Amino acid sequence: MKRLAMWMVAGMLALLAQTAGAADVLLGAGDVVKVSVYGNQDLSLETRVSEAGTITFPLIGTVELGGLTAAAAEKKIAGMLESGGFIRKAQVNLLVTSLQSAQVSVLGAVNRPGRYPIEGKRTLMDMLALAGGFGGDGGDVVSLIRKRNGVTTKDAIDVVDMVRGNDFNRDFEVMGGDILYVERAPRFYIYGEVQRPGPFRLERQMTLLQALSTGGGLTPRGTERGIRIKRRDAKGVLQVIEAKQDDLVQVDDVIYVKESLF
């Protein structure tokens, strides 16, 4: 079930990645735009949007582009050229050659961590798709850190639960400056008389018997009697628990399998 759920998430992220560039760009400070006017090569211009969200364009001077889509910016420049009596029926083309104003950082256990531009309306799942989805050691939970009206918030979104339940109310829309952080999958550790001692991914509701199976099972010298789990409580105090096969394994548990005396 776990693997099926992760396949579902991977498939959805791949589909989102294919459509992630379809929406229009909202221009902002730092964006580099290339503007041309049909039939007027002397009006071609490549420039950066200022901190005030403006550019300076030949003949018409300062033009406010901040918050406009590329199509809306084309229409505005054309209108100013026409209303100023410079060009009749101006045909303006505007391309964004570098999008710097609206970027989201996707960090942690993803395949391609980095900063990604927001092209139009984007959600958490869209950004995960652009980052190539979860990495091999990625967990199910994504932390979304946002700053709105001077207040910083952090939400933990369980992506697998969201997809399984077909409930995308927590597929939040993101904005420039947001941070997505994918936690590493929780682990447990097993040593002693098992075939493959070491750290392993902790699956949901994993029992001790399932954990032993993940470690390849017992060696010929191992015994299921007296298996111990070393676990730290909420205060960090180490506890040693005599474990049963159907006990649930917890994050960072250390399982020790004894050698049989007979």
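Residues numbered from 1 in each chain as written. Predicted model: local features only at pLDDT ≥ 70, side-chain atom pairs only at ≥ 80, totals over all residues. Heavy atoms only, no water.

Thoughts on the sheet that holds strand β5 (residues 92–98)
Rules: Pairing between strands requires that DSSP locate at least two bridges from one strand to the other. Secondary structure follows DSSP: runs of H or I at least 4 residues long count as helices, runs of E at least 2 residues long count as strands, and numbering of each begins at the N terminus. Note on definitions: angles span 0 to 180 degrees between N-to-C directions of axes, and those axes are lines fitted to C-alpha atoms, for helices only across the stretch in contact.
As summarised here, the arrangement of the 3 strands in space is β2-β1-β5, forming an open sheet in which the pairing is antiparallel. Edge positions in the sheet fall to β2 (40–48) and β5, since each of these pairs with one other strand and no more. Going across the sheet, the axis of each strand differs from the next one's by a mean of 15°, ignoring polarity. With 6 bridges connecting them, strand β1 (residues 32–37) and β5 associate as antiparallel partners. Paired with valine 37 across the strands is valine 92, a residue of β5.

Details of the side chain of threonine 123
This is how the line gets drawn: The contact criterion used throughout is that any non-hydrogen atoms of two residues lie within 4.5 Å.
Structurally, the position occupied by threonine 123 is in strand β8 (residues 122–123). Non-local contacts of threonine 123, meaning those with residues more than four positions away in its chain, are made with Asp171, Phe172, Glu173 and Val174.

Concerning the confidence of the model for the protein
As a reminder of what qualifies: A score from 0 to 100, pLDDT tells how confident the predictor is in each residue.
The pLDDT averaged across the protein works out to 86; a share of 89% of its residues lies at or above 70. Low pLDDT (under 50) marks residues 1–5, which in the prediction has 8 contacts with non-local residues, meaning those over four places away or in another chain. In this model residues 13–23 is a low-confidence stretch, pLDDT under 50, and it forms 20 contacts with partners more than four residues away in sequence or in other chains.

Let's talk about the nonpolar core
For clarity, the cut-off: Take the buried residues of types Ala, Val, Leu, Ile, Met, Phe, Trp, Tyr and Cys, join any two whose side-chain atoms come within 4.5 Å, and each joined set is a nonpolar core. Burial here depends on accessible area, computed with a 1.4 Å probe over protein chains only, as a share of the maximum for the residue type. Under 20% is buried, over 50% is exposed, and the range in between is partly exposed.
Counting 23 residues, the largest nonpolar core has Val106, Leu124, Leu128, Val142, Val159 and Leu180 as its most contacted members. Broken down by element, this core gets its largest block of residues, 4 residues, from helix α3 (residues 124–130). The next biggest cluster of nonpolar side chains, apart from the first, holds 20 residues, and it includes Val33, Phe57, Leu65 and Leu81.

Remarks on the layout of surface pockets
Selection rule: Here a cavity denotes grid points, spaced 1 Å and computed from the protein atoms alone, that fit a 1.4 Å probe unable to get out, and a pocket denotes an open set having protein on both sides within 12 Å along at least 5 of 7 lines; residues with an atom within 4 Å of a point are the lining. Grid points are joined across faces, edges and corners, and a volume is the space filled by probe spheres set on the points. Ten residues, namely Ala, Val, Leu, Ile, Met, Phe, Trp, Tyr, Cys and Pro, are considered nonpolar, four, namely Asp, Glu, Lys and Arg, are considered charged, and the remaining ones, Gly among them, are considered polar.
The computed volume of the second largest pocket comes to approximately 260 Å³. Lining of the second largest pocket is provided by 19 residues; of these, Pro186, Leu202, Glu203, Arg204 and Val251 occupy positions nearest its centre. Those elements giving two or more residues to the lining of the second largest pocket turn out to be β9 (138–148) and β12 (179–184). Of the residues forming the lining of the second largest pocket, the biggest block, 3 residues, is contributed by β9. In terms of residue class, the lining of the second largest pocket is made up of 8 nonpolar, 3 polar and 8 charged.

With respect to the sheet that holds strand β17 (residues 254–257)
Ordered by their spatial adjacency, 5 strands build an open sheet running β14-β13-β17-β15-β16, and the pairing between neighbours is mixed. Here the strands that pair on one side only, and so sit at the sheet edges, are β14 (198–201) and β16 (238–242). Within the sheet, the average angular offset between the axes of one strand and its neighbour, ignoring direction, is 25°. Note that strand β13 (residues 187–192) and β17 share 4 bridges and pair parallel.

So, the pattern of salt bridges
When charged atoms on two side chains of opposite charge get close, those side chains can pair. Here is the rule we go by: Each reported salt bridge corresponds to a side-chain nitrogen of Lys or Arg within 4 Å of a carboxyl oxygen of Asp or Glu.
One pass over the full model with this rule turns up 11 salt bridges. The residue aspartate 161 makes a salt bridge to arginine 204 at a minimum N-O spacing of 3.1 Å. One end of the pair, aspartate 161, is in helix α4 (residues 159–164); the other, arginine 204, is in the loop between β14 and α5 (208–214), and 43 residues separate them in sequence. Since its relative accessible area comes to 41%, aspartate 161 is described here as partly exposed.

Considerations on helix α2 (residues 70–83)
Note: α-helices contain 3.6 residues per turn, so residues at a spacing of three or four share the same orientation. For clarity, the threshold we go by: In a helix, the anticipated span is given by 1.5 Å times the number of residues less one. This arc describes the spread of directions from the helix axis toward the C-beta atoms.
In this model, α2 (14 residues) spans 20 Å end to end at C-alpha, consistent with the 20 Å of a helix rising 1.5 Å per residue. Buried within α2 we find Ala70, Ala73, Glu74, Ile77, Ala78 and Leu81. Axial view of α2: buried residues confined to an arc of 130°, hence all on one face. Facing away from the buried side of α2 by over 90 degrees, the exposed positions are Lys75 and Ser83.

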